[in-house]
Amino acid sequence: MYKVNPYRPGAGLMPTYLAGREEDIQNLEQMFDALTMNIPTQSIIFSGLRGVGKTVLINRLQKIAEDKDIFCRHIEVEERNDFISQIATCAQAFLRKVSTKEKFKNLIQKPLDAIKSLVVSFDPNDNTFSLSLQEKELYKSTNLTQSLTEVFTTIGETAYKSSTPICFFIDEIQYMKPRELGSLIAALHRTNQLGYPVMVVGAGLPKIYKMLSDEKSYSERLFLYKEIGSLNEEQSRNAIVIPASKFGVSFSEGAIEKIISLTKGYPFFIQQMCQVVYKNTDEKEIKSAHVEENTDEFFQTLDIGFFKVRYERCADSDKKFVFAMVKCGELPCAISNIAKTLHKNVSQISTTRAQLINKGIIFPIRYKELDFTVPEFSGFIQRLEEYQQWCQDNANRLP
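A. Region of the structure containing the nonpolar core. Core analysis: the largest hydrophobic core is formed by 76 residues, its most contacted members being Phe32, Phe46, Leu61, Val201, Phe251 and Phe377. Per-element accounting of this core gives the leading share, seven residues, to helix H12 (residues 267-280). Aside from chain neighbours lying at most four places away, what touches valine 201 is Leu28, Phe32, Ile44, Phe46, Ile58, Leu61, Cys167, Phe168, Phe169 and Ile170. Judged by nonpolar contacts, the second largest core, of 48 residues, contains Leu95, Leu148, Ala159 and Ile166.

B. Quick look at the pattern of salt bridges. Counted under the stated rule, the structure contains 17 salt bridges. Measuring nitrogen to oxygen at the nearest pair gives 2.8 Å for the salt bridge that ties aspartate 33 to lysine 68. Of this pair, aspartate 33 sits in helix H1 (residues 22-36) while lysine 68 sits in the loop between helix H2 (54-67) and strand S2 (71-76), placing them 35 residues apart in sequence. For lysine 68, a relative accessible area of 25% puts it in the partly exposed group. The network of salt bridges with common partners includes Lys110, Glu157 and Lys161.

C. The sheet that holds strand S5 (residues 223-227), seen in detail. Spatial ordering of the open sheet is given by S2-S3-S4-S1-S5, a layout of five strands whose pairing is parallel. The sheet is open, and its two edges are formed by S2 and S5, each paired on a single side. Adjacent strand axes in the sheet meet at a mean angle of 15° when their direction is disregarded. Strands strand S1 (43-47), strand S3 (166-171), strand S4 (198-204) and S5 of the sheet are contacted by H1, whose axis makes an angle of about 155° with S4.

So, how was this worked out
Residues numbered from 1 in each chain as written. Predicted model: local features only at pLDDT ≥ 70, side-chain atom pairs only at ≥ 80, totals over all residues. Heavy atoms only, no water. Core = buried A, V, L, I, M, F, W, Y, C linked by side-chain atoms within 4.5 Å. Buried < 20%, exposed > 50% of the residue type's maximum accessible area, 1.4 Å probe, protein only. Helix = DSSP H or I, 4+ residues; strand = E, 2+ residues; numbered from the N terminus. Contact = heavy atoms within 4.5 Å. Salt bridge = Lys/Arg side-chain N within 4 Å of Asp/Glu carboxyl O. Pairing = 2+ DSSP bridges. Axes fitted to C-alpha atoms, helices over the stretch in contact; angles between N-to-C directions.

See the structure below:
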């Protein structure tokens, strides 16, 4: 028999109750209000580990912005997906919206030419514009920063004159190529200088702070930075209790404390733990014993999904590096200790370190120290190591 479950673990899936992000939402609502008054507004970057709810938050913010008649587009950057083609498509969609109003049609040509130049120059696989060889040479540019700045400033001017503010929601910023990121920062900076209502709400892993500062020294003034972490005790309690209360189900104090202890307050883990417990419990009050009975299933679900997906992206050398990190005993760990565990010097493992950072598995923290981008990933590695050891010990006994 199907049982409606109020808990929704998933990649960016909106929970039935979004706990602990009220202040962020309120602050952005005020920024959106300023944007609707044609007042240039600082852009904002949310950073945090996997599973803390960055995507959920920016999805909620996009809905709020759309309700305020701000033109919004969501861009998810991928390792193999070109950012330039996505931003060009979004800019074209903005022009289509403006062009539906007769009195603003005269504002379209200038930004359209800028988009043509961007696409023709930096997205050779795009066939949106049917241009002759002579026209292509006319639109050809060799400077990405200049071309993207032209797109941003011209759509910004159109946004200002048509009173149609723009907000781009960009997720997984850490996968942007350095040249693209630098060009985006410069384009947004110039657009803000000219007083146009264009802003970016971005999200990514902790390494994006260094990426942004490495590209442009003024990025710290261009963006507001907000770190998204695990929920505190009260916020965790609300995330656990409120969804089930709508179905007449409560949690005992012991059950709540047990769930918070197991999940460390990470929103995705709370959703996953509560989903498992709620699914397997038929009583109106969920007790500590119910949580304990479902703890193994909770970890198994994480291990075969949330953790394993990331682990399987690792090459053999990456996996050895990851195991060495865990053997250091405490995270974050010094890269010198990892090298020592692998019986190598630091320079010999630098390539593997860079690969793992690029894959979004680890990130640098403090001076020459590393940590996992996935909360509790070390626990998964320890369980995996125990399983592998068990298989070795029992190899002769297995049929």
